[in-house]
Amino acid sequence: MTTSGPAPHGLRLAPFRGLRYVPERVGSLAAVTSPPYDVVVRPDGQRHLETADPHNVVRLILPHNADPTSRHRQAATALDRWQREGVLAPDPEPGLYVYEQRDGDHLQRGLIGVLRLTPPQERVVLPHEDVMPGPVADRAALMRATGANLEPLLLAYQGGGTVAEIVDRTADTEPLLATTTEDGIHHKLWSITDPGTLAAIDADLSPRQALIADGHHRWATYLRLQAEQSGPSPWDHGLVLLVDTAHYPLRVRAIHRVLPQLPVPDAVEAARHAFRVTDVDGPLPVALDALAAAAAEGNAFLLAGDGRFRLLDRPDPLQIDRSVPHDRPREWRQLDATVLHSLLLDDIWQVPDVPEHISYLHTTESAVEQAERHGGTAVLMHPVDEAVVRELARQGVTMPRKSTSFGPKPASGLVMRSLELG
């Protein structure tokens, strides 16, 4: 995406001194990385990461403690101790970081840096999902306590110019680090410190705008922390991974819901009043094919959790019209997430959108497993088309939260930002 406004009002990505693990002080770089905090499946996934290495970054992004203040102080203490012990060390000079992820045939490259924060009305960074105040408050408290941006959020823009050439040229050189995480994704990182190259990157990015692909709560946290300052400060920038999707298209996947307190039979029986309900064959990949076919024709959901699969499709248009608000564009009113939350969750199932009643999971397998464990219902979703996401963002219309999952997401722990380093 590009803007027609003057250059100073676009994307301004600044170099920084990255805080990185010292390979000789940890078991392996792969063992100290983690998925983003909101993708970690708790408690099993969190426990697995913690036992992979005593210095795994999950201890910083998801510290254990019932008391929030103690929890955030615990993360700050660990971050400080690991730096004093030489487990983490800053790079000698500021730079932008080229970051590559290779997942099978899918290759993604982008730039990690600290982005100048801009108010929403400038339309430089476009959100596409709503946020909840609880996670924003929690991330803000963690960032205040640690004085750090521990994991980059993911921004997408459409360029195809100078930056793309620089990124690819840099990726032909020897990387700072290379590792393969247990999910099979290969990660590489390079640093760009040359002043001329950094100036060329700035000139190419400065007229552009970006879409928040992943990290809406962290972006809202950045803006909150900036607003708390009385003048210019390090909080005027936030850590991001910026990907040119004209050159490296992102994957768009769905985020699924688990309703631990709603048994599948109850969910199915209630849904019959507004949807066609059909038993579909398993295993899970076969059932997901049935969901994809139905989603091509309109709103559709796949329910699981009791060893069977039920497809909900062909919703009653009159009930949708009564349940879905009329103050948004047609594209928003037709979203699966809109229909799910307005018609099914709010009106039919009457499930409140709070953590004890709804969990959000990024893989179908983990959603089904969690539903079966709790005797609840997994609601499996079909991905939203990226063009719809971009169009709503351009209109300034936010989607229901957790509507999309862009990726691959940056691994947490490869490079962090301490505000003390400038």
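So, here's what we can say about the structure. This one's a predicted model, so the numbers in the text were calculated from it and none came from an experiment.

Description of the layout of surface pockets
Alright, step 1. Approximately 450 Å³ is the volume attributed to the second largest pocket.
Alright, step 2. Gly298, Asn299, Gln334, Leu335 and Asp336 are, among the 18 residues lining the second largest pocket, the residues nearest its centre.
Alright, step 3. Of all elements in the fold, only helix H10 (317-323) and helix H11 (330-333) reach the threshold of two or more residues within the lining of the second largest pocket.
Alright, step 4. Residues belonging to the lining of the second largest pocket are distributed by class as follows: 8 nonpolar, 4 polar and 6 charged.

Digging into the sheet that holds strand S18 (residues 359-361)
Alright, step 1. One open sheet holds the 6 strands; their spatial order is S15-S17-S16-S19-S14-S18, and the pairing between them is antiparallel. What marks the edges here is a single partner per strand, and that holds for strand S15 (276-280) and S18. Strand-to-strand, the axes of this sheet are offset by a mean angle of 25°, without reference to chain direction.
Alright, step 2. Here 3 bridges tie strand S14 (residues 256-259) to strand S19 (residues 377-380), and the two strands are oriented antiparallel to one another. Looking at S19, one finds that leucine 259 is bridged to threonine 377.
Alright, step 3. Across the sheet, helix H12 (residues 336-348) is in contact with S14, strand S16 (300-304), strand S17 (309-313), S18 and S19; its angle to S16 comes to roughly 60°.
Alright, step 4. Across the sheet, helix H13 (residues 364-374) is in contact with S14, S16, S18 and S19; its angle to S19 comes to roughly 160°.

Points about unusual backbone geometry
Alright, step 1. Here the residue pair glycine 282 and proline 283 is connected by a cis peptide bond, since its omega of 5° sits within 30 degrees of zero.
Alright, step 2. With respect to the element layout, proline 283 can be found in the loop between S15 and helix H9 (284-295).
Alright, step 3. A cis amide bond links glycine 407 to the next residue, proline 408, at an omega of 5°.
Alright, step 4. The phi dihedral of arginine 123 falls on the positive side, at around 60°, and the residue is not glycine.
Alright, step 5. Assessed through its relative accessible area of 28%, arginine 123 is described here as partly exposed.
Alright, step 6. Positive phi, normally seen in glycine, also occurs at glutamine 350, with a value near 55°.

Examining the packing of helix H5 (residues 162-170) against helix H6 (residues 195-205)
Alright, step 1. In the contact formed by H5 and H6, the axes pass within 8 Å of each other and the chain directions differ by 140°. Packed against H5, whose contacting residues are Thr162, Val163 and Ile166, the element H6 presents Thr197, Ala200, Ile201, Asp204 and Leu205 at the interface.
Alright, step 2. When the residues that make up the contact of H5 with H6 are grouped by side-chain class, the tally is 5 nonpolar, 2 polar and 1 charged.

Topic: the nonpolar core
Alright, step 1. Counting residues in hydrophobic clusters, the biggest one holds 114 residues, and the most contacted among them are Tyr21 and Trp349.
Alright, step 2. Considering each element in turn, this core owes the most residues, 6 residues, to H12.
Alright, step 3. When neighbours within four sequence positions are excluded, tyrosine 21 is seen to be in contact with Val26, Leu29, Val32, His55, Asn56, Val57, Trp82, Val87, Leu88, Gly413 and Met416.
Alright, step 4. Listed in part, the 17 residues of the second largest apolar core include Leu291, Leu302, Leu361 and Ala378.

Considerations on the packing of aromatic side chains
Alright, step 1. Overall, the coordinates contain 4 aromatic pairs when judged by the stated rule.
Alright, step 2. Summarising the aromatic geometry, the rings of tyrosine 21 and tryptophan 82 are spaced 6.4 Å apart at their centres and angled 45° between planes, so their arrangement reads as tilted. Of this pair, tyrosine 21 sits in strand S2 (residues 19-21) while tryptophan 82 sits in helix H3 (residues 68-84); the two residues are 61 residues apart in sequence, bridging distant segments of the chain. Neither tyrosine 21 nor tryptophan 82 differs from the other in exposure class; each is buried.
Alright, step 3. The interplanar angle of 75° and the centroid separation of 6.0 Å between the aromatic rings of phenylalanine 275 and phenylalanine 301 together place this pair among those described as edge-to-face. Taken together, the residues phenylalanine 275 in the loop between helix H8 (264-271) and S15 and phenylalanine 301 in strand S16 connect sequence positions 26 residues apart.
Alright, step 4. Classification of phenylalanine 301 as buried rests on a relative accessible area of 0%.
Alright, step 5. Over the ring of tyrosine 37 we find arginine 139, and its NZ or CZ is 3.9 Å from the ring centre.
Alright, step 6. Over the ring of tryptophan 332 we find arginine 328, and its NZ or CZ is 4.6 Å from the ring centre.

Quick notes on the rules
- Residues numbered from 1 in each chain as written.
- Predicted model: local features only at pLDDT ≥ 70, side-chain atom pairs only at ≥ 80, totals over all residues.
- Heavy atoms only, no water.
- 1 Å grid on protein atoms, 1.4 Å probe; cavity = no way out; pocket = protein on both sides within 12 Å on 5 of 7 lines; lining within 4 Å.
- Points joined across faces, edges and corners; volume = space filled by probe spheres on them.
- Helix = DSSP H or I, 4+ residues; strand = E, 2+ residues; numbered from the N terminus.
- Nonpolar A, V, L, I, M, F, W, Y, C, P; charged D, E, K, R; others polar.
- Pairing = 2+ DSSP bridges.
- Axes fitted to C-alpha atoms, helices over the stretch in contact; angles between N-to-C directions.
- Contact = heavy atoms within 4.5 Å.
- Buried < 20%, exposed > 50% of the residue type's maximum accessible area, 1.4 Å probe, protein only.
- Core = buried A, V, L, I, M, F, W, Y, C linked by side-chain atoms within 4.5 Å.
- Phe/Tyr/Trp six-rings, centres within 6.5 Å; stacked < 30°, edge-to-face > 60°.
- Lys NZ or Arg CZ within 6 Å of the ring centre and 35° of its normal.

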